[in-house]
Structure formats: C-alpha cells, structure tokens
Amino acid sequence: MDQQLIYLDNAATVWPKPDIVYDFMMKFYRETGVNPGRSGFDLAMEAGSLLDKLRKRLTKFFGGDQDAPERLCFGYNATDALNLIIFGLLRDGDHVITTNLEHNSVIRPINHVVRDYGVKATYIPFNSDGFVDPDDIRRALRPNTKLVIMNHGSNVLGTVQPVEDVGRICREHGVTFAIDTAQTAGVIPIDMQKMNVDVLAFTGHKALMGSTGIGGVCVRKHVEIRHTRAGGTGVRSAYPFQLEEYPWRLEYGTPNMVGVAALWAGQDWLDTNGVEQTHGREMRLAQRLVAGLRGIDTVKLYCCDSLRDHLSTVTMNIEGLEAGDVGTMLDVDHNVATRTGLHCAPLVHEQIGTTAIHGGVRFSIGAFNTESDIDAAIEGVRQISNWAKQRKTRRAHEVLAPA
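Conventions we followed
- Residues numbered from 1 in each chain as written.
- Predicted model: local features only at pLDDT ≥ 70, side-chain atom pairs only at ≥ 80, totals over all residues.
- Heavy atoms only, no water.
- Pairing = 2+ DSSP bridges.
- Helix = DSSP H or I, 4+ residues; strand = E, 2+ residues; numbered from the N terminus.
- Axes fitted to C-alpha atoms, helices over the stretch in contact; angles between N-to-C directions.
- Buried < 20%, exposed > 50% of the residue type's maximum accessible area, 1.4 Å probe, protein only.
- Parallel < 35°, antiparallel > 145°, perpendicular 65-115°, else oblique.
- Contact = heavy atoms within 4.5 Å.
- Nonpolar A, V, L, I, M, F, W, Y, C, P; charged D, E, K, R; others polar.
- Phe/Tyr/Trp six-rings, centres within 6.5 Å; stacked < 30°, edge-to-face > 60°.

Asks: Account for the sheet that holds strand β13 (residues 360–364), naming residues and giving values.
Replies: Read from one edge to the other, the open sheet built from four strands follows the order β9-β10-β13-β12, with strand pairing classed as antiparallel. Looking along the sheet, the strands with just one partner apiece sit at the ends: β9 (299–301) and β12 (339–341). For this sheet, the mean angle separating the axes of adjacent strands, direction not counted, is 30°. Strand direction decides the pairing type here: β12 and β13, joined by three bridges, are antiparallel. Opposite Thr 340, over in β13, you have Val 361 as the bridge partner.

What follows is the structure in structure tokens.
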C-alpha cells in the first residue's frame, strides 16, 4: 500500500520547501536568469539589484554591520564558507580552538591546516548534557590563539551552545570568534553584535528555506579574512589580482542566482511565519517525540534529558541493533526517513560511545511535520524494539534447547 513519506531528516536539508520558494525561484529564473553586475542592460541590473538587496536583508537578519552589507559574501554552502574562514584566518604559528561537537566541515579544514601549515589545534569536549563550558575555552586560550570556531547548534545532539558567553571571552582576549549556523540560521534568532560573533557561516538549504548550492559568510568590519581563491568578479577586470574589497575578496565567479531567489523568498516566508514561532512549534513536537521514545525500554537517548537550549533534533539507538539497521527498518517498514551513521561528526560519536555501532539514528523535525508524523515514528521504533526483543528471546531458547 502506498504511504506518504514521513520526512524527519530536516537537519540534513529542510524538505519540502514552502511553495513561495518554489514559485519565486522558477519565476525569477525564467524572467531574470542572467548574470548580475556583468552588463549594463536592464535584466542584468535587475538581477544585481536582488543580489544587493539580499545582502542587506541577510546582514540585518544575522545582526551584522548594517552599514557594511558588502561583507555578506555568498558561496556554495556552510562548508564552503567555513573553508574560507579557516584557511583565510590561520597560518603557521597560529593556534585554533574548536570543539568535539563539530561537523567535518570544521574538523577536516582544521586538520588540514594543522598537517599542512603548522597550525596547532585544541578540541574542547562537551559535558554529559551536550554543552561546551565557556570556561574550558577560556582555559584553552594561548598567546597565539588566532581563532575560536564552533557550531551554534549540534547536528547530532541538537544542543544550542552558549555562543554569547564564548564570544564575550574571545572579545576580552582579542581572539576572532566564528560560528557555524548551519543548524540554527532560521531556527533561532541570531544577533552577531549581541552574541559577540565576529564571523558567521550559513547555508541556505536548511531552515532558511532556500535551495541547495548557496550559503555564505558574514564578516564584521573589524575582521579581515585573506582570500584563498581568485577569479572573475565582473568589475575592475584589468586588475591582475583578486580584489581586496568585499564582497569580491571572498566571492568568486558567477553567483548562484537561483539560490539567491530561493533565499529571498525564504526570508519572506520567515517574516510571515516567525522564526521563534516556528521553532516553538517544532520543539513541542520534539517534546512529544522524546516522551514517546522514553516509554520504550530498549531505547537510549542522547543529551536530551532537558530540551532547554535545544533544537528539534533527537538522536537515539535501540539496544542490540546497529543504527543503520534501525534506519532501514524505519524507512522500508514504516515510511519514516531519518539519518543514521556518524552524521559527519565523528568526534561527537566517539565521546558518546556510539562509534562501535556505527553512530545513531537521528530524527530532525521541521516546520511542516505534524503530530501524526511523530506518533508514527514512535510507533515504528516501538515495533522495531519489540521485534528485536523477540529475536533475542528466540536465540536464547535456541541456545538452551537440547541437541
């Protein structure tokens, strides 16, 4: 029997997108799908106008320096932005502090600058509730600490980190502070100035309700990031090197105008529906999910005893089963889509002890999920748990049965 997919993998990509996003993407690209800023004809100027207006809109949305919107630079996604930050700020002799909560989009670039450029790195563990203690970061600071970089919200545990406190410590010590907002942009309010954040990386395809293939970086006026790439900018073409001015310092080649249109329409949707209101609804569903999973005796939940300072992301395992097998059964037998494995965050799984069973099963709730979706997911886990217990009993009887 055909059954509609219950999509609970919004931490990977929010899906579906609001209709306003699909409609505006198509309309804009059909009517204005030209290269912005490269020519003087009307359509090119219209495309460039949307790009410039989106810079200003997102700078305000993130609490950046509104008198310097050119420092909102577009790229492919958060990973691309984090590479620009890490490779553009660190060099031989520098020290960087990050955490065990990070995605590989931070871990791998840091490992490369350590291996290839002589940078030193310190990884800060999180506590039993899934939070980093700002004082641990304070204690890890060195005279040559150039950068503290961490995620705002964990893509595995769902915990929202105390970035304002960490940022205050960095500000006191003159250290650049950067955050990865892949999980939080569009979910909870962000104010770079209030949170003492110097540089912010974002992606468009999650709760900003945009498309894949666009993201970027927002850089405060007092921070300079070296360009690590070079190419076309559409302006000052006779100059032989990459321009020093923003956005061209960190923005290369033809921009993703379909993605720009999607982000613009996503901002419209967020303005109408409200970031905090949408997050509150998602968290009520997360409370329902956690309560239901807690009632299943073989389920182990991670870092969600309290859902305070939390995203609607919940990771669990079923005793005696590997995470991948549980995810397959949820998909095939119950039409519930989750994400299993290490979630591109191996240090998290090392610390919570799930590496041996190849990670965990992650449920991530989005703006369009319903109570019936959550109830179906809980029931699916319950049935898988019962099956696992029955299998264990059968095997025990087989061992004890006489030959």
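Read on, since the account is not over.
Asks: Which residues make up the side chain of His 279, and what values do they have?
Replies: Structurally, the position occupied by His 279 is in helix α8 (residues 275–294). A relative accessible area of 13% means that His 279 is categorised as buried.

Asks: Tell me what's going on with the packing of helix α7 (residues 257–273) against α8, and back it up with residues and numbers.
Replies: The packing of two helices is summarised by the inter-axis angle and the distance between the axes. Interhelical geometry of α7 versus α8 gives an angle of 75° and a closest axis separation of 6 Å. Relative to α8, the element α7 is oriented roughly perpendicular. Where α7 approaches α8, its residues Trp 269, Leu 270 and Asn 273 are matched on the opposing element by Val 275, Gln 277 and Thr 278. Considering only residue class, the contact of α7 with α8 consists of three nonpolar, three polar and no charged.

Asks: How would you summarise unusual backbone geometry if you had to cite specific residues and measurements?
Replies: Of the consecutive residues Trp 15 and Pro 16, the connecting peptide bond is found in the cis state with omega at -5°. In this chain, Tyr 246 is followed by Pro 247 through a cis amide linkage whose omega measures 5°. Mapped onto the fold, Pro 247 is located in the loop between β8 (215–219) and α7. Even without being glycine, His 358 reaches a positive phi, approximately 60°. Mapped onto the elements, His 358 comes out in the loop between α10 (346–352) and β13.

Asks: Just give me the short version of the packing of aromatic side chains, but keep the residues and values in it.
Replies: The full count for this structure, using the stated rule, is seven aromatic pairs. With a centroid separation of 6.5 Å and 90° between ring planes, the pair formed by Phe 87 and Tyr 117 is classed as edge-to-face. Residue Phe 87 is located in helix α3 (residues 78–89), and its partner Tyr 117 is located in helix α4 (residues 104–117); the two are separated by 30 residues in the primary sequence. Taking relative accessible area as the criterion, Phe 87 reaches 22% and is therefore assigned partly exposed. Assessed through its relative accessible area of 45%, Tyr 117 is described here as partly exposed. Where Tyr 239 meets Phe 241, the ring centres are 6.2 Å apart and the plane angle is 70°; that geometry is what we call edge-to-face.

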